[in-house]
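A structural walkthrough
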Amino acid sequence: MSQLDIHQIPVLSDNYVYLARDRASGQTAVVDPAVVKPVLEAAERLGWTITHILNTHHHGDHVGGNLEIKAATGCTIIGPKADRDRIPGIDVEVEEGDRVALGEAMAEVFFVPGHTRGHIAYWFEESAALFCGDTLFALGCGRLFEGTPQQMWSSLSKFRKLPEDTHVYCAHEYTQANARFALSVEPENQALQDRSRAIDAARAQDRPTVPSTLGEELATNPFLRADQPGLAANVGLAGSEPVAVFAEVRRRKDNF
Ligand code: ZN
Ligand code: FE
């Protein structure tokens, strides 16, 4: 096992692309390359050699750079088996429970449908790093384009079991808008109030709010808190199953 160095690249209006380099071998993965040039330039500047692409799902702002980066570097593209027809240039198809080796660093794959029907996430336990694409965001979760609330709640439940110090490397800077919504459904949550103020301060200085930690998300992200009686009561569903509460919170966010 080995640790990763991780470099965050803001691209497009609000996407984050990540470079993750295994310290032991130097092998380097691009996670969800939305674009080409900023990724190749960042790797060049850091002196990192891209050997892999890790895709979480098929959306254009996650696979847009696949073919050109593969042509430029000869890298291997790893992506969701359930979506192999929609991942440009895919070489290796992975699913729930598979292990992905980046040199000596090892990731476990989670199948996390909901945002799309084939979405996966990569968890590098040794580095406490979760690359979760558009499934979990800082204070939010992905829209349910191709899945049900039941699927998304069970996907998020896989993340809820991970260690609290896990860093959540999500793919978008949506946190400030997410905080406004979160406060609308859990206004009495003191940790959320504090976090919201810190987010406003960070964004006022153009600083990223990503990654967060899973511990922060468990304490403040309403989409991970559908089992909390206070939140259930706030959305008019006291005593209901978490999945029903989750569905209602997601519905409210869609209309917020
Ligand atoms: Zn997406
Ligand atoms: Fe996206």
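Since the model is a prediction, treat every value here as computed from it, not as a measurement.

What follows is about the coordination of the iron ion (ligand 2). Protein coordination at the iron ion (ligand 2) comes from Asp61 (OD), His62 (NE2), Asp134 (OD) and His172 (NE2), with a distance range of 2.1 to 2.4 Å. Coordination at the iron ion (ligand 2) is irregular: its 4 donor atoms span angles of 83 to 166° at the metal. Each donor residue of the iron ion (ligand 2) lies on one chain, and together they are spaced D-H-x71-D-x37-H. Between the iron ion (ligand 2) and the zinc ion (ligand 1) the interatomic distance amounts to 3.3 Å, and Asp134 serves as a bridging ligand to the pair. Remark: Asp134 occurs in the loop between strand S10 (129-133) and strand S11 (136-137) and His62 occurs in helix H2 (residues 60-63); sequence separation between them is 72 residues. In this structure His62 comes out as buried when scored by relative accessible area, which is 0%. The exposure class assigned to Asp134 is buried, which follows from its relative accessible area of 3%.

Attention shifts here to the coordination of the zinc ion (ligand 1). Coordination of the zinc ion (ligand 1) by the protein involves His57 (NE2), His59 (ND1), His115 (NE2) and Asp134 (OD), with metal-donor separations of 2.2 to 2.3 Å. Around the zinc ion (ligand 1) sit 4 donor atoms, and with donor-metal-donor angles ranging over 87 to 171° the site reads as irregular. Between consecutive donors of the zinc ion (ligand 1), the numbers of intervening residues give the motif H-x1-H-x55-H-x18-D. Residue His59 is classed as buried on the basis of its relative accessible area of 18%.

Turning our attention to the sheet that holds strand S9 (residues 120-124). Pairing within the open sheet is mixed, and its 6 strands lie in the order S7-S8-S9-S10-S13-S14. Unpaired on one side and paired on the other, strand S7 (99-102) and strand S14 (212-213) mark the two borders of the sheet. Relative to strand S8 (residues 105-111), S7 runs antiparallel, the two sharing 4 bridges. For Leu102, the partnering residue across the bridge sits in S8 and is Ala105. In this fold helix H4 (residues 149-160) packs onto S8, S9 and S10, with an angle of close to 150° to the strand it touches most, S8.

Here we take up the layout of surface pockets. Considered as a void within the structure, the largest pocket measures approximately 200 Å³ in volume. Lining the largest pocket are 14 residues, with Phe137, Cys141, Gly142, Arg143 and Tyr174 positioned closest to its centre. Per-class residue counts for the lining of the largest pocket are 4 nonpolar, 5 polar and 5 charged.

We now examine the pattern of salt bridges. Enumeration according to the criterion identifies 20 salt bridges in this entry. Linking Glu216 and Arg195 is a salt bridge whose minimum nitrogen-to-oxygen distance equals 3.9 Å. Note that Glu216 is positioned in helix H7 (residues 214-220) and Arg195 in helix H6 (residues 190-204), a separation of 21 residues in sequence. A salt bridge links Arg195 to Glu217; its shortest N-O distance comes to 2.6 Å. Separated by 22 residues along the polypeptide, Arg195 in helix H6 and Glu217 in helix H7 bring together distant segments of the chain. A residue is classified by how much of its surface remains accessible, and Arg195, at 10% relative accessible area, is buried.

Cut-offs applied
Residues numbered from 1 in each chain as written. Chains lettered and ligands numbered in written order. Predicted model: local features only at pLDDT ≥ 70, side-chain atom pairs only at ≥ 80, totals over all residues. Heavy atoms only, no water. Donors = N, O, S within 2.8 Å, 3.2 Å for Na, K, Ca; no water. Tetrahedral: all angles 85-135°; square planar, octahedral: opposite > 155°, others 65-115°. Helix = DSSP H or I, 4+ residues; strand = E, 2+ residues; numbered from the N terminus. Buried < 20%, exposed > 50% of the residue type's maximum accessible area, 1.4 Å probe, protein only. Pairing = 2+ DSSP bridges. Contact = heavy atoms within 4.5 Å. Axes fitted to C-alpha atoms, helices over the stretch in contact; angles between N-to-C directions. 1 Å grid on protein atoms, 1.4 Å probe; cavity = no way out; pocket = protein on both sides within 12 Å on 5 of 7 lines; lining within 4 Å. Points joined across faces, edges and corners; volume = space filled by probe spheres on them. Nonpolar A, V, L, I, M, F, W, Y, C, P; charged D, E, K, R; others polar. Salt bridge = Lys/Arg side-chain N within 4 Å of Asp/Glu carboxyl O.

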